[in-house]
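# Understanding the architecture of this molecule
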Amino acid sequence: VESFYRECCASREEEPDPPVSASFKRASATKPRSVDLSGVQLTPTAAAILSDVFNIEWGLRKLTLRECDLDESKLKPILHALLIPGTLEYLSVASNRRLKSPAFKLIGAYASQAKSLQFLDLSSTVLDKKAVDYIVVCLTTAPEPGLVSLRLDDCALRPNALEALARVVRTSSLRNISLRHNKITGTGGGAVALALMIRDYPDIVTGPTTGTPAITPSDVYWTHTPPPGYASVLGPQPTYAPYIPGRFTPYMEQIAS
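About the thresholds
For every chain, the first residue of its written sequence is number 1, and the numbers climb from 1 along that sequence. Selection of residues for local features in this predicted model requires a pLDDT of at least 70, selection of side-chain atom pairs for listing and counting requires 80 or more, and totals for whole chains, interfaces and linings are taken over all residues. Here the side-chain values reflect all heavy atoms present in the structure, with hydrogen atoms and water set aside. The numbering of helices and of strands both runs from the N terminus, where a helix is a DSSP run of H or I of at least 4 residues and a strand a run of E of at least 2. Three labels apply to residues, based on accessible area from a 1.4 Å probe with only protein chains included: buried if under 20% of the type maximum, exposed if over 50%, partly exposed otherwise in between. Contacts between residues were defined by any pair of non-hydrogen atoms, one from each residue, lying within 4.5 Å. With residues, only the protein chains shown are counted as cover, and all accessible areas are computed by Shrake-Rupley using a 1.4 Å probe. Any two of the Phe, Tyr and Trp rings considered here, Trp counted by its six-membered ring, make a pair once their centres fall within 6.5 Å; the pair's planes then place it as stacked at under 30 degrees, edge-to-face at over 60, or tilted in between. The criterion for a charge sitting over a ring is simple: Lys NZ or Arg CZ within 6 Å of the ring centre, and within 35 degrees of the ring normal.

### Observations regarding the overall build of the protein
Helix and strand counts for the protein stand at eight helices and seven strands. Per-residue burial for the protein yields a buried fraction of 49% across its 257 residues. A sequence separation of at least 24 residues applies to 79% of the contacts in the protein between residues at least 6 apart. Carbon together with sulfur atoms contributes 54% to the accessible area of the protein, which is approximately 11,900 Å² in total.

Following this line, the structure appears as C-alpha cells:
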C-alpha cells in the first residue's frame, strides 16, 4: 500500500509525507486493514493524493482522520473515493473543528450510500441542528440494515439538535450511541429529548451504583435494542463498556473481521 501511495504522489509531482507513509506501512500489517492518520495536517493536495489511494480495493476497513484539519473541500474527494471500493466499516473524523454544515451534509450523504459502514465517530466537532439534520439522513429505519454505532461526544449539542436526533434514533437500526460531554442539563428540551430516545429501552445504565456517583445526562452512553423485527446482517459489531463516572475509563473494542 505504501508503495502505491508513493506512486500516487509521483503522479501529482508531490513528495510523500513521511507520517502518511508510516501509516500506510503499518496498515499492511493490520488485519483487518486499518489506517490511522491522526494529527496529520492535510492540505488539499494531500487529500487528493489520499483519494487516489482509497479509490481502489486493497482491504481498507477502518480509517481514522482525527485532528487532520479537515474541511469540506478536503473531505469531499476522500469520501467520494471511499465509496468506490465500498469496504469501509469504521470512519472517524473526530476533533476536526473546521467542519461546518456543508461538510456534515457530505458525511451524511456518504454514510447513506456506504452500505458497509457500521461505526461513525464525529466527536469533538460542532454539531448545530442543521448539521444533525444532515447526519440523521443516514440512519435507516429498522429493520433495514444501516449504521450501527454513532459517537457524538463533546459536540456542543443543543436541545433543538438533540430533539432532531431523538426523533430518528428510536426507530433506526442504530444500536449504540454516545453523547458524553455535551453539557446536557437535567431539565429543559435536552433532557426531554434524551428521555424520548431511551424510552422503552431498559438496558441503559442509570442511577447510582454502589460506591459510585450517579450518572448525569452529560455522561450518557447506552446500547439500545432496535424495534421488533430488526435483525443485524452486518456480523460482529463495535461494543462499549458502560460508563460509570469515577470508576473506570470507557473503551471501544475494535471491529471484528
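### Describing the packing of aromatic side chains
For any two aromatic rings, the description comes down to two numbers: the centre-to-centre distance and the angle of the planes. Tallying each qualifying case throughout the model produces four aromatic pairs. Between phenylalanine 24 and tryptophan 58 the ring centres are 6.1 Å apart and the planes differ by 75°, which places this aromatic pair in the edge-to-face class. Here the residue phenylalanine 24 occupies a position in helix α2 (residues 18-27), and tryptophan 58 occupies one in the loop between α3 (44-54) and β2 (60-64), the gap between them amounting to 34 residues. For the pair shown, phenylalanine 24 and tryptophan 58 are each scored as buried. An aromatic cluster is present here, built from Tyr5, Phe24, Phe54 and Trp58 joined pairwise through their rings. For lysine 62, the ring lying beneath its charged end belongs to tyrosine 90, and the centroid distance is 4.4 Å.

Keep in mind these values describe shape, not function.
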